[in-house]
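Report on the structure
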Amino acid sequence: MSDAITPPEVPASEPPKQDALVTQVIVLGLGAEPYARKADCPAVQVSATQLLPLMTRLRDDAGLAFDMLTAHTVVDRLDANIFELVYYLYSLNHRKRLLVSSSIPRENPVVSTLTPVWKIAEFQEREAYDLFGIQYDNHPDLRRVFLEDDWKGFPLRKDYKDDFMLTHVIEEES
Amino acid sequence: MTVAISSLLNRIRVSDSASGPIDAKEYFINMGPQHPATHGVLRLMLKLEGETIREVIPVPGYIHRGIEKIGESVNYRQFVHLTDRMDYLSAMMNNWAVAMGVERATNTVMNDRIEYIRTIFAELERIQSHMLWWGVLGMDLGAFTPFLYGFRDREKITDIFEETVGCRLTMNYIQPGGLMADIHPNFVTRVKEAMAYAKPKIDEYEELLSGNVILQERTKNIGVLSGADAISLGVTGPPLRASGVAYDLRKIEPYGVYDKVEFRTAVGSVGDCWDRYWVRVEEMRQSIGIVEQLIDNIPEGKFMLMKPAKKIIIPEGVYYNAIETARGVLGMVIASDGKSDKPVRIHMRSPNYNNLWAVDSMTRGSRVGDLVANISSLDFVVPDIDR
Amino acid sequence: MGLTPEKETPFIERLPGANYMLTRMDQVINLARSNSLWPLTFGTSCCAIEMMMATGASRHDIARFGAEVARPSPRQADLLIIAGTIVKRMAPRLRTLYEQMAEPRYVIATGACTISGGPFIYQSYTTVRGADEIIPVDVYVPGCPPRPEGLFYGILTLQRMIKQGETVRRPGIRSKPVMSALPPNITMNDIEAEMESLLRQEADIDVEKARKERDWPTGLNH
């Protein structure tokens, strides 16, 4: 471990700089807050109930115009007992990228769909349902995409167990 | 709040009843998973009326290997070789996406030699991928000769890969921190030879296939995808550019040494199969130009900057970086906890998965034969859809 | 390869007796079978590109081995080259494809994934660990993906097996697939030369030798 590549030290005294884009999103007043975790691009977080209004506004607002949902995925934070939904938006006009994050409880992972905003959301959400079991409310066609319809469980959850899967992990070199 | 979970059977019932009372003219047919025109194991359920397609329901998953799950139990160096097996025709670019993600997250700056070699290899990979696509498109549309030509010329580039990398298809060459090995002493001369060989071949391709009246009839105004639809459907790469949106990451967010080279982005106007065809043929020319500009100027330097024995630990956070592969934008989402050398979550935003869903809107109302042209012009690599 | 009596008269006249003729007929049929394998165009992932390289492209041209007629329909094919990972969802379809093929049918599994699961063996919830969990496999061709030469060497191995009448489904003869690893320093030319010599060797039947080897039933020995 001694010669491991460690993260560069960030001086603690330096106050975190807020990106202009983040400020622009927050002043919309739709419940967006600065992202609590670290990210390498401008990032906001929002509660699951405010997700759809915020996203609609982000697409329609002329100063933001996020017309592309580049990626949508889920991070299973087992220790915090939440699913973190991650949306990467891209604006072709302004050439800006924004991360929108939203956390939902693991027990009842329900969130509204973004299909009315971006067409591709329907399919990216289907993938998230298939692998994580996120329930998208008002989704037009929520069903498995990669796995068979009768598959039990959601394989990318951290606590997924399967008789078939070999969970052998190669021993770490100490 | 209750969320209804559907199934494939249900999905078919829904579109079956959409046409009203029982209509004897309409029926469903399966195309794939074992079908020569779907380039692998893609399954499409077609709702037909006679030979007119009313609806296409793509059913992927026949090669879903769970790469993202495996990625959570291996470290970043080990993950590189799994990305080779996703979009195996853009293996170098996939490797580069992982390498770039790790390097940006750990604030490691690569030297010029590494960036030059990576860019050259990525462009060579793009040329060979498009050559293969061109051959297969010809075969899908009923011309066998392009297949022979495309594969013949592709071999010249695979030979270059083999000399330096040792592999012909799955490279595992671009590593976090540099390259697996230095380039072969013959590399520069071989690449120059191959480019001198390939340049007139592209014109030959045009002569052989582009002017062909059958190809033109089967591609022009077939599978039209408007720019707005393409953006909303998350289509990227040549299909998006063919729809008139000049979105090329190599221009917009230059990585490697793309900011040091002159090249033009091919953009279509209609968004039909012909535009997608033309954009790719033009991209081959531009890529040859990029390689020719770079090949003489590879600077000296080290080829590996991180010691392979070192553990790579990415600081805590969520990282995203994207790369323009031969088929579109490959995005890497890495979530790290800052403690382990393995990611908490690694997600590949695959270009093919996002391009797949455009098939339905571009095919409705056309014939089954046009569907083959559409699939072929979108250039799917099915393991990249499923991952 | 048909056996027309007019053309093959000297060949047939040298055969001593009907019974002998029948047993040798097996060998003739095997020779014909082994040299006209029709592969099914079946590819799931990376190995399929190398298979296309081997079968379709002019550089490696599989036609030299009599296997160029790639069929998209399993009904017309007799060689299944499993090129690429098999996952749980694909497994029943692979089984169906295999069952739809007419007898005699042969299976070559190319690449690490179809042999053992390859790089997707651990932590994968879908990857089937080896195609022979689903269908009987005759020859393994290792590699990730195997070079076209490796595939040809695998086909050569299968051809040898067919000529000897040994495939995996003959009970009591062979229960495990043959691992056909390409030995080092073997080039396309070597494979081609070996193929040619095998053809020649099989075409000339040494009647005297065969008569000695064969343990004839009483009354039939001359």
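Residues numbered from 1 in each chain as written. Chains lettered and ligands numbered in written order. Predicted model: local features only at pLDDT ≥ 70, side-chain atom pairs only at ≥ 80, totals over all residues.

Residue and element names in this part refer to chain B. For chain B, the domain assignment lists domain 1 (8-59) and domain 2 (67-386). Put simply, the middle of domain 1 and the middle of domain 2, counted by C-alpha atoms, are 31 Å apart. Contact with domain 1, which involves 14 residues of that partner, is made by 18 residues of domain 2. The element best represented in the side of domain 1 that touches domain 2 is strand E3 (residues 52-59), accounting for 6 residues. Of the residues belonging to the side of domain 1 that touches domain 2, the class tally is 7 nonpolar, 4 polar and 3 charged. (Domains from an automatic or database assignment. Contact = placed C-beta atoms within 7 Å. Helix = DSSP H or I, 4+ residues; strand = E, 2+ residues; numbered from the N terminus. Nonpolar A, V, L, I, M, F, W, Y, C, P; charged D, E, K, R; others polar.)

Attention shifts here to the interface of chain A and chain B. Taken together, the 42 residues of chain A in the interface contact 49 residues of chain B. Put simply, the parts of the chain that give the side of chain A that touches chain B at least two residues each are strand E3 (68-77), strand E4 (82-91) and strand E7 (135-137) of chain A. Among the elements that make up the side of chain A that touches chain B, the one with the highest residue count is E3(A) (7 residues). Grouping the constituent residues of the side of chain A that touches chain B by class yields 26 nonpolar, 4 polar and 12 charged.

Moving on, we get to the pairing of strand E7 (residues 329-336) of chain B. Residue and element names in this part refer to chain B. In terms of residue burial, E7 counts as a mostly covered element, since 8 of its 8 residues are buried. Side chains Val329, Gly331, Val333 and Ala335 project from E7 onto one buried face, and the interleaved Leu330, Met332, Ile334 and Ser336 project onto a second face that is buried too. In this sheet, E7 lies alongside strand E6 (residues 317-324) in antiparallel orientation, the contact comprising 8 bridges. The partner of Ile323 across the bridge, within E7, is Leu330. Hairpin remark: E6 followed by E7, antiparallel, with 4 residues in the connecting loop; positive phi at Gly328, about 145°. Across 5 bridges, the pairing between E7 and strand E8 (residues 345-349) is antiparallel. Residue pairing across strands places Ala335 opposite Arg345, the latter belonging to E8. (Buried ≥ 20, exposed ≤ 12 C-beta atoms within 10 Å, placed from the backbone. Pairing = 2+ DSSP bridges.)

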